[in-house]
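Listed below, chain by chain, are the residues.
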Amino acid sequence: MIDWLTFIPRAVIQGVPLMYGSTGEILTEKSGNLNLGTPGIMYVGAISGVIGSFLYEQSCGGAAENMNGFLAVAIPLICCLGGSALMGLLYCFLTVTLRANQNVTGLAITTFGVGFGNFFGGSLIKLTGSEVPSIALSATSNFFRATLPAAENMGWFGQIFLSYGFLAYLAIVIGILASVFLKRTRRGLHLRAVGENPATADAAGISVTSYKYLATIIGSMIAGLGGLYYVMDYANGVWSNNAFGDRGWLAIALVIFTIWRPAVSVLASILFGGLYIMYLYLPTGMDNLAVKELYRMIPYIVTIIVLIITSLRNKRESKPPESLGLPYFREDR
Amino acid sequence: MEERTPILEMRHVTKRFGNIIANDDVSLTLYPGEILALLGENGSGKTTLMNILSGIYYPDEGQIFVEGKEVSISSPKDSFDLKIGMIHQHFKLVDVMSVTENIVLGLPGKLDLKQAAADIRAICERYGFEVDPDEKIYNLSVSQKQTVEIVKVLFRGANILILDEPTAVLTPQEAVKLFAILRNMKEAGHAIIIITHKMHEVMDISDRVAILRKGRYITSFVTTETTAQELTDNMVGRAVSLNIERPEPVDPKDRLFIQGLTVKNEEGVYKLRDVSFTARSGEILGIAGIAGSGQRELLEAIAGLQPVEYGIINYIDDDGTPESLLKKTPVEIQAMGVSLSFVPEDRLGMGLVGNMDLSENMMLRSYREGHSIFTNRRDPAALARQVVEELEVSTPSINTAVRKLSGGNVQKVLVGREIASAPTVLLTAYAVRGLDINASYTIYNLINRQKAAGVAIVFVGEDLDVLVELCDRILVLCDGRVSGIVDGKTADKNEIGMMMTHVGGAHEG
Amino acid sequence: MKADAKKKEPLIHITRRKDVSLLRSIVIRAAAIVLALIVCALVTTFLTGENPIDVFGTILSGAFGTPRKMWVLGQEMAILLCVSLALAPAFKMKFWNLGGEGQILMGGLAAAACMILLGSKVESGAMPQWLLILIMVVASIGAGALWAFIPAFFKAKWGTNETLFTLMMNYVATQLVAYFVILWEVPKGAGKIGIINQSSEAGWLPVIGDYKYLLNIIVVLVLTVGMYVYLKYSKQGYELSVVGESERTANYVGINVKKVIIRTMLISGAICGVAGLLLVGGTDHTVTTTISAGRGFTAVMVAWLAKFNPLGMIFTTFLLVLLSRGANEISTVFSLNKSFGDILTGIILFFIIGSEFFINYQIHFRKSHKPEAAAAVPAEDPHKEALEQILRDAETAAQSVSKEETK
């Protein structure tokens with residue numbers, strides 16, 4: 001039987017990177033940009049944070065007592081946001097300004113981003129001439145993982161709701177804010193119009209280009225935080241190449257699963273987080289190890305089923321933004 | 001009248017697109033509380049001129065004054081700020097959003113949809129619109145969408161409204177309603193420019209008429225002091241009569257027998273109900289009706305492109321044997337030895353592939369021929385050359401992508417290909433839409449040549465003048481039903497117009 | 001605001017080019033590649049401190065330094081080209097097959113399964129080697145095709161989004177391979193299969209002469225020519241281009257769009273299956289979850305950049321493989337991480353992707369306001385199209401002339 005008290009917190013922890021990734025991708029897609037570069041951007045976000053924090057830890061001699069708590073969090077955070085924003089900018093420059101194909105550009109960004117992450121993850125020590133055996137930013141990680149002191153004393157409630165680092169709560173806040181932004185604000189309305197029908201938005205005096213740029217860059221920054229959460233909180237500050245895996249692609253799949261609703265993505269991400277580790281909890285029978293590999297298909301198969309169901313349902317509201325994937329060029333009308 | 005201050009004035013406005021002059025030294029004046037009709041043929045520069053006012057194009061020369069002050073309009077926003085609102089032919093609405101969301105789109109300030117909806121209801125009440133602010137756009141009819149566009153403009157406080165052929169998509173009843181609303185707005189002091197080329201509308205609604213011809217401003221009239229004849233003469237620059245030939249049908253035989261044809265669209269709405277008629281060889285059967293009355297479905301059902309609920313579609317060959325085309329694909333129809341050609345309404349989206357060249361487009365019909373797994377490229381190229389030569393298609397070469405050709409030339413390529421297979425049945429939908437006079441006549445002549453060759457032609461048209469001069473018989477559709485079939489020689493345009501809106505008149509074979 | 005009316009005209013005006021000359025497109029692409037290479041060299045210099053000229057030397061020696069390196073270059077090109085050939089017809093049909101990874105894996109898994117399950121029969125002489133290889137070929141092609149058929153079926157039937165469907169199929173395939181790797185691992189607990197049939201070489205594709213990679217290269221060359229002819233001259237190739245350009249036109253001329261989608265994807269998946277076969281049966285003689293090494297994605301870009309022209313893809317694969325082999329060499333020499341190649345690949349892709357804009361569009365800077373300047377645009381006039389568009393838009397055309405005049 002599943003032990004829910006340990007399962008739920010683990011599902012949440014697995015879900016947080018997906019929350020960031022899918023919320024970021026939803027904002028991006030609402031502007032009509034299908035950014036398949038998100039998996040790469042999450043790598044870039046993670047490694048940028050790692051580089052920043054690595055350099056800071058080195059400058060402090062690697063000792064936690066020399067480190068300023070604020071800087072230890074702020075430096076990787078800013079590096080992460082900066083790195084992912086640059087990738088979002090690159091994506092926009094190519095697809096919006098230069099009107100390149102979105103899928104091809106996105107895949108190139110992912111190739112580059114994953115390579116960038118693995119390269120620096122694998123070569124940072126050599127490049128900086130440091131004398132440490134591996135990238136283990138445990139001091140920084142401790143700052144990221146800090147929970148409320150009361151959490152431990154509150155039994156199951158504390159374990160399920162209060163046992164996470166601040167980035168996990170930030171993910172939920174961002175998801176809800178994004179939802180409110182899209183539904184209730186003027187700019188949110190304009191953004192949706194840009195993604196649905198850029199010609200109409202343009203005629204209404206909305207700057208299609210700036211909305212696309214801003215939504216994509218902010219979306220990328222949010223996605224990048226997912227990568228940062230993964231290394232700093234989930235992985236205890238230890239970078240290992242390719243460990244982040246396919247979470248970026250799952251985040252993109254989640255966007256469809258949630259029908260472009262960030263608030264839903266908060267819950268759906270936790271659900272997917274649970275599916276992601278479900279294999280550890282399901283009974284395996286005789287040949288236990290091998291069957292676990294089959295169980296790990298579950299999130300992908302669920303996504304496929306959702307894809308099929310949404311295509312069957314054919315409801316206007318559950319369709320992607322109408323101009324998703326298409327470049328906008330005023331004179332092409 | 002001269003002493004009033006104009007609310008809007010364009011002086012010596014010129015707009016060039018490269019070496020083509022779309023507007024040449026046009027000056028135009030609009031007074032508050034009047035409806036100005038802007039009259040001109042297609043391509044006379046009406047829409048370009050209005051797009052300059054709405055900030056889509058920027059004039060190369062000339063000045064624009066609003067309420068006496070010179071202004072510069074370089075974006076749609078500038079245009080809104082000057083209280084100019086344009087209702088385009090192609091609606092600019094976001095389908096999945098509500099009416100209210102669409103109306104407040106692009107405005108500054110905090111988003112308060114409830115307040116906005118209340119304001120919209122107030123505007124609707126004031127001018128007599130019927131639209132629910134909470135409804136989604138995709139649930140609205142065309143005329144309701146147009147209403148939303150007008151409300152949108154009023155919501156922004158526009159006092160100069162520009163409507164680009166607003167009645168093109170409306171039924172006559174809806175047009176009457178629209179005009180009533182326009183008069184209400186005029187009473188409220190708004191100035192309105194309406195682009196149209198329907199003469200009765202000009203006479204009905206406008207206070208003054210300004211005429212453009214070939215990008216130039218010709219003259220303007222006070223409506224009550226002019227006649228339709230005078231306006232037409234000025235618009236086309238010469239006295240006009242269409243004079244389309246109508247040779248007597250030679251030895252007409254029943255060719256296509258349709259009975260009880262009923263078609264539903266994907267949403268399950270009836271588009272055709274119990275349609276029956278016979279098309280004969282050597283004869284042009286016109287199909288008249290308001291846009292969307294089932295014309296497209298009728299042709300597509302015959303061509304095997306539209307699922308049919310029930311009914312009979314029989315092809316009758318020369319010795320009188322009927323063969324059913326029902327539930328047959330285009331390929332199966334071809335395999336039966338029935339040579340059926342179809343010139344669809346959407347030339348580049350359906351009839352042709354825009355990105356392929358002339359030769360490859362010729363291949364669309366013929367590529368299956370022969371048993372080889374490879375395509376034969378020589379014959380289509382030869383056909384392309386032949387079409388270019390015989391129909392005087394203006395193109396750099398047969399290897400040019402068809403989307404680079406002008407509208408008339410695209411249509412020549414399409415019609416050329418369709419008649420090349422020596423059809424016995426030719427279906428055409430809006431064959432001259434968007435073409436200039438010369439190109440239109442080329443197409444009429446081509447169709448008449450097919451008629452002389454004994455082809456049974458079904459000609460879906462929108463211009464009643466053309467239908468009554470070209471067709472031997474005219475079938476009038478109204479909301480998917482046959483309203484009646486009239487003889488082309490004796491047909492009266494007004495009677496057809498009535499039949500388009502009310503089912504009536506006797507059925508015929 | 002009103003005084004400087006003219007100044008508000010946009011500074012830069014962009015129009016689509018009407019005709020793109022071949023020379024122009026070659027020059028622009030070449031320039032983009034040169035620029036990208038310069039940037040790559042600068043990045044390398046920044047990271048390694050090596051003189052930029054020497055960087056190119058290292059790249060070239062990494063790619064061509066020894067006969068073995070040249071063979072590896074050829075082999076890498078062959079496999080990447082094979083996958084790109086597989087994707088080209090799907091993309092030409094505007095079907096976003098991002099499932100190359102999964103289709104390769106399935107092809108490879110099928111080949112490995114045959115080798116493992118039937119290898120002993122070949123060893124015992126119960127089955128001839130050629131028969132095993134034949135079975136492997138059929139199984140790989142079938143498995144790849146099946147993996148492509150599933151998303152194609154749903155796309156054809158219900159329009160299910162193929163981009164994400166194929167993407168997810170990759171991970172299902174990865175897990176399937178992971179499952180069998182554990183099932184067949186040698187020795188138990190090793191987490192990998194190891195070289196299959198090492199002693200008997202049962203199911204190993206034949207080696208031509210002494211050249212281990214020659215067979216792969218030949219197979220892919222044949223496929224390249226075949227795909228070129230298929231796309232350009234066959235009826236099926238024509239049909240899939242029509243479907244890609246406009247499904248409505250395809251319906252109008254009686255092309256069965258669903259059939260074409262499924263048929264094209266079967267071909268696409270089958271060729272991916274061949275790539276898996278070549279990897280497992282021809283070179284690796286084992287299967288892992290990473291045998292395709294991201295080629296399913298790289299190939300998307302290869303096919304796209306070459307505009308789905310198989311001959312053009314030879315050049316694109318050469319460029320990308322050359323760079324990644326060279327980057328490999330650089331990372332070895334400077335003991336850096338092997339992912340360096342992905343960074344360089346990314347840089348060169350960005351430049352080529354960006355360069356397309358300058359081929360297809362023309363940038364006009366605001367001219368002086370003298371009317372002559374504007375009017376002096378020669379025949380290749382960019383606005384004509386815009387005007388024609390307006391003329392087309394000027395709807396309800398034929399209602400010309402004296403419509404109401406007869407009244």
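Predicted model only: the values in this text are computed from it and were never measured.

A. Quick look at the overall build of chain C. Each helix and strand in chain C was counted, giving 15 helices and two strands. For chain C, buried positions account for 51% of its 407 residues. Taking all contacts inside chain C whose residues are at least 6 apart in sequence as the whole, residues at least 24 apart take part in 78%.

B. Looking closely at the overall build of chain B. Looking only at helices and strands, chain B features 17 helices and 20 strands. At 25 Å, chain B has a C-alpha radius of gyration in line with the 23 Å of a compact globule built from 509 residues. Reported as C-alpha extents along the three principal axes, the dimensions of chain B are approximately 75 × 50 × 45 Å. Within chain B, buried positions represent 50% of all 509 residues.

C. Geometry of the domain arrangement of chain B. When cut into domains, chain B gives domain 1 (8-236) and domain 2 (252-339 + 424-435 + 456-509). Computed over C-alpha atoms, the centres of domain 1 of chain B and domain 2 of chain B are 36 Å apart.

D. The arrangement of the nonpolar core in detail. Counting residues in hydrophobic clusters, the biggest one holds 376 residues, and the most contacted among them are B:Phe459, C:Cys82 and C:Ala275. With 15 residues, the top contributor of residues to this core is helix α10 (residues 208-234) of chain A. A domain-level breakdown of this core finds at least three residues from each of domain 1 (8-236) and domain 2 (252-339 + 424-435 + 456-509) of chain B. Aside from chain neighbours lying at most four places away, what touches C:Cys82 is C:Val220, C:Leu223, C:Ile271, C:Val274, C:Ala275 and C:Leu278.

E. Quick look at the packing of helix α3 (residues 69-97) of chain A against α10(A). Residue and element names in this part refer to chain A. One can describe the packing of α3 onto α10 by two numbers: an axis separation of 7 Å at closest approach and a directional angle of 140°. In terms of axis orientation, α3 runs oblique to α10. Judged by the sense of rotation from one axis to the other, the crossing of α3 with α10 is right-handed. For the contact of α3 with α10, a count of residues per class yields 16 nonpolar, eight polar and one charged.

F. Looking closely at the sheet that holds strand β17 (residues 425-429) of chain B. All names here are of chain B. What the six strands build is an open sheet, ordered β16-β17-β18-β13-β19-β20; its pairing is mixed. In the strand order of this sheet, the two ends are held by β16 (340-343) and β20 (481-487), each with one partner. Averaged over all adjacent pairs, the angle separating strand axes in this sheet is 15°, with direction ignored. The pairing of strand β13 (residues 283-288) with strand β18 (residues 456-460) spans five bridges and is classified as parallel. Looking at the pairing, Ile 287 lines up with Val 460 of β18. Helix-sheet contacts for helix α9 (residues 295-302) involve β13, β16, β17, β18 and β19 (473-478), and the interaxial angle to β17 is about 155°. Relative to β16, helix α14 (residues 407-420) is tilted by about 170°, and along the sheet it contacts β16 and β17.

G. Geometry of the sheet that holds strand β14 (residues 310-316) of chain B. Residues and elements named next belong to chain B. Pairing is antiparallel in the open sheet, where four strands are placed in the order β12-β11-β14-β15. One side of each edge strand has no neighbouring strand; the edge strands of this open sheet are β12 (270-280) and β15 (322-324). Adjacent strand axes in the sheet meet at a mean angle of 20° when their direction is disregarded. Contacting β11 (254-264), β12 and β14, α9 runs over the sheet at an angle of about 60° to β12.

H. How the structure looks around the interface of chain C and chain A. Taken together, the 41 residues of chain C in the interface contact 42 residues of chain A. Secondary structure elements with two or more residues in the side of chain C that touches chain A: α5 (129-158), α6 (162-183), α11 (295-305) and α13 (340-360) of chain C. Considering each element in turn, the side of chain C that touches chain A owes the most residues, 12 residues, to α6(C). A per-class count over the side of chain C that touches chain A returns 26 nonpolar, 13 polar and two charged.

I. Main features of the confidence of the model for chain C. All names here are of chain C. Per-residue pLDDT for chain C averages 83, and the proportion of residues at 70 or more is 86%. Considering only residues more than four positions removed or in separate chains, one finds that residues 1-8, a stretch of pLDDT under 50, has seven contacts. Low pLDDT, under 50, characterises residues 368-407; the predicted model gives this stretch 92 contacts beyond four residues in sequence or across chains. Two numbers describe this predicted complex: its pTM, 0.85, and its ipTM, 0.89.

J. Summary view of the confidence of the model for chain B. Averaged over all residues, the pLDDT of chain B equals 85, while 94% of them reach at least 70. The model gives residues 505-509 of chain B a pLDDT under 50, and that stretch makes nine contacts with residues more than four places away or in other chains.

K. Spotlight on the pairing of strand β4 (residues 61-66) of chain B. Residue and element names in this part refer to chain B. Sheet analysis places strand β1 (residues 8-17) next to β4, joined by five bridges and oriented antiparallel. Bridge pairing in β4 links Thr 14 to Glu 61. Across three bridges, β4 lies against strand β5 (residues 69-71) in antiparallel orientation. In the strand pairing of β5, Ile 64 is matched with Val 71. Joining the antiparallel neighbours β4 and β5 is a turn of two residues, in which Glu 67 adopts a positive phi near 50°.

L. Main features of the pairing of strand β9 (residues 208-213) of chain B. Residues and elements named next belong to chain B. Burial analysis of β9 places five of its six residues in the buried class, the great majority of the element. Pairing between strand β3 (residues 35-39) and β9: four bridges, direction parallel. Across the sheet, the residue bridging to Leu 39 is Ile 211, located in β9. Counting the residues between successive antiparallel strands, the hairpin from β9 to strand β10 (residues 216-222) contains two residues, one of them, Lys 214, with a positive phi of roughly 50°.

M. Spotlight on the packing of helix α3 (residues 67-92) of chain C against helix α10 (residues 257-284) of chain C. Residue and element names in this part refer to chain C. Between α3 and α10, whose axes approach to 6 Å, the crossing angle comes to 165°. The orientation of α3 relative to α10 falls into the category roughly antiparallel. Both α3 and α10 take part in a crossing whose hand is left-handed. Of α10, the residues touching α3 (which contributes Gln 75, Ile 79, Cys 82, Val 83, Leu 85, Ala 86, Leu 87, Pro 89 and Ala 90) are Thr 264, Met 265, Ile 267, Ser 268, Ile 271, Cys 272, Val 274, Ala 275, Leu 278, Leu 279 and Thr 283. Looking at side-chain class alone, the contact of α3 with α10 contains 16 nonpolar, four polar and no charged residues.

Calculation criteria
- All residue numbers here refer to positions counted from 1 along the written sequence of the relevant chain.
- Chains and ligands are labelled sequentially in the order written, the chains with letters from A and the ligands with numbers from 1.
- In keeping with the predicted nature of the model, local features appear solely for residues at pLDDT of at least 70, side-chain atom pairs appear and are counted solely at 80 or more, and the whole-chain, interface and lining totals rest on all residues.
- In this text, helices come from DSSP runs of H or I with a minimum length of four residues, and strands from runs of E with a minimum of two, each type numbered from the N-terminal end.
- As a rule, residues whose C-beta atom has 12 or fewer other C-beta atoms within 10 Å are exposed, those with 20 or more are buried, and those in between are partly exposed; C-beta atoms are placed from the backbone.
- Contact definition: two residues whose C-beta atoms, as placed from backbone geometry, lie within 7 Å.
- We take the radius of gyration over the C-alpha atoms and set the globule estimate at 2.2 Å times the residue count to the 0.38 power.
- Residue ranges for the domains originate in an automatic or database domain assignment.
- A set of buried Ala, Val, Leu, Ile, Met, Phe, Trp, Tyr and Cys residues, joined to one another through C-beta atoms within 7 Å, is what we call a nonpolar core.
- A fitted line through C-alpha atoms serves as each axis, taken over the contacting stretch for helices, and the angle formed by two N-to-C directions is quoted from 0 to 180°.
- If an angle is under 35 degrees, it is roughly parallel; if it is over 145, roughly antiparallel; if it lies from 65 to 115, roughly perpendicular; otherwise it is oblique.
- Left-handed describes a crossing whose near helix is turned anticlockwise from the far helix through less than a right angle; right-handed describes the clockwise counterpart.
- Each residue receives one of three labels: charged for Asp, Glu, Lys and Arg, nonpolar for Ala, Val, Leu, Ile, Met, Phe, Trp, Tyr, Cys and Pro, and polar for the others, Gly being one of them.
- Note on pairing: DSSP must find at least two bridges between two strands before they are called paired.
- pLDDT runs from 0 to 100 and stands for how confident the predictor is about each residue.

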